[in-house]
Amino acid sequence: MVESIGSYKELSERVLERLRPSGPPLIVGIGGPPAVGKSTLARRLVEDIQAMGPSACHCPMDGFHLTNAELEESGLQDFKGRRDTFDGTGFVKAVGRLGNAAAFWWPLYCRILHEPVQEGVYVDGAEAAYAVEGNYVLLDKSPWRTAARGMDLRIFVDNSDAVLRARLLRRHLRGGRSGRQALAKIDRSDLPNAREIRSRRIVEDMLFVEAADV
């Protein structure tokens, strides 16, 4: 049964009580539409876990973007952010390694270069928890569902399209797009992606909709 939560305090308490003093790490999957606050939530959870003593790591899905060269070669440059512009298979394999005490580099996405960086954050394999977040983390489509089904706790973060549109517009303008380019990307890519993310997701354990300050 899905638990609906509207405050970060309540959500963090639910997550922290699931930490295991020994044994395999807690893998928390955080999915949801673009600009809904997934990265912020993951970072806050990692900080709260570390404040209690255990080690934790934020593992964003964005590092599995295809490179711009790969997107151009495939004709997908204008659809960057759609699920087929990510290395889904690579993401699934990396999530699998989190539960195996493996040490490896988790890739990150550089918003200055607009490219993935392979040596992003180092996972030493001894962490007590991982916050894995991204648009398609809970997508019920191959290969994504394989990773989602292996999560110990699945959290879906959502908000209204009006909130998403305002946040996305600011994000794209900061990234150097003109107003017209930003709105075109929102309508052509971001909001259609949001509809798929919502409608094609694996049922979450927790639905988090926090009061939004757009």
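Given the structure is predicted, the values throughout are model-derived calculations rather than measurements.

On the surface, Ile 112, Leu 113 and Val 117 cluster together into a nonpolar patch covering about 320 Å² of accessible area. Assignment of secondary structure puts Ile 112 in the loop between β4 (104–110) and β5 (115–123).

Attention now moves to unusual backbone geometry. Backbone torsion omega between Ser 142 and Pro 143 reads 0 degrees, so that peptide bond is classified as cis. Mapping Pro 143 onto the fold places it in the loop between β6 (129–134) and α5 (144–149). Not every positive phi belongs to a glycine, and Ala 35 is a case in point at roughly 70 degrees. Positive phi, close to 60 degrees, is recorded for His 114, a residue that is not glycine. In this fold, His 114 is placed in the loop between β4 and β5.

The next subject is the packing of helix α6 (residues 161–174) against helix α7 (residues 179–199). Between α6 and α7, the least distance of the axes is 9 Å, while the angle of their chain directions is 135 degrees. Considering the angle they form, α6 stands oblique to α7. Note that α6 runs across α7; the crossing there is right-handed. Residues Asp 161, Leu 164, Arg 165, Leu 168, Leu 169, His 172 and Leu 173 of α6 form the contact with α7, whose own contacting residues are Gly 179, Ala 182, Leu 183, Lys 185, Ile 186, Asp 187, Asp 190, Leu 191, Ala 194 and Arg 198. Grouping the constituent residues of the contact of α6 with α7 by class yields nine nonpolar, two polar and six charged.

Moving on: the environment of Gly 23. Within the secondary structure, Gly 23 sits in the loop between α1 (8–16) and β2 (26–31). With relative accessibility at 63%, the residue Gly 23 sits in the exposed group. Taking the C-alpha atoms as reference points, Gly 23 and Ser 4, separated by 19 residues in sequence, lie 28 Å from one another.

The next thing to look at is the environment of Leu 191. Looking at the secondary structure, you find Leu 191 in helix α7. It is 8.1 Å that separates the C-alpha atoms of Leu 191 and Pro 33, two residues lying 158 residues apart in sequence. Apart from residues lying up to four places away in sequence, Leu 191 is in contact with Asp 161, Arg 165 and Ile 186.

Turning our attention to the pairing of β6. Burial runs high along β6: six of the six residues are buried. By the alternation rule, side chains of β6 split into Ala 129, Ala 131 and Glu 133 and Tyr 130, Val 132 and Gly 134, which are all buried. Taken together, the six bridges between β2 and β6 define a ladder with parallel strand orientation. Across the sheet, Leu 26 pairs through a bridge with Ala 129, a residue of β6. Bridging between strand β3 (residues 56–60) and β6 involves five bridges; their strand directions are parallel. Looking at the pairing, Cys 59 lines up with Val 132 of β6.

Packing of α1 against helix α2 (residues 38–51) leaves a shortest axis separation of 11 Å and a crossing angle of 55 degrees. Taken together, the axes of α1 and α2 lie oblique to each other. Judged by the sense of rotation from one axis to the other, the crossing of α1 with α2 is right-handed. Mapping the contact onto sequence places Tyr 8, Leu 11, Ser 12, Val 15 and Leu 16 in α1 and Leu 41, Arg 44, Leu 45, Asp 48 and Ile 49 in α2.

What counts and what doesn't
- Residues numbered from 1 in each chain as written.
- Predicted model: local features only at pLDDT ≥ 70, side-chain atom pairs only at ≥ 80, totals over all residues.
- Heavy atoms only, no water.
- Patch = residues over 30% accessible without salt bridge, like charges linked within 9 Å, V, L, I, M, F, W, Y side chains within 5 Å.
- Areas by Shrake-Rupley, 256 points an atom, 1.4 Å probe, with all protein chains shown as cover.
- Salt bridge = Lys/Arg side-chain N within 4 Å of Asp/Glu carboxyl O.
- Helix = DSSP H or I, 4+ residues; strand = E, 2+ residues; numbered from the N terminus.
- Axes fitted to C-alpha atoms, helices over the stretch in contact; angles between N-to-C directions.
- Parallel < 35°, antiparallel > 145°, perpendicular 65-115°, else oblique.
- Left-handed = near helix turned anticlockwise from the far one by under 90°.
- Contact = heavy atoms within 4.5 Å.
- Nonpolar A, V, L, I, M, F, W, Y, C, P; charged D, E, K, R; others polar.
- Buried < 20%, exposed > 50% of the residue type's maximum accessible area, 1.4 Å probe, protein only.
- Pairing = 2+ DSSP bridges.

Fair warning: the whole summary comes from geometry, so function is off the table for now.
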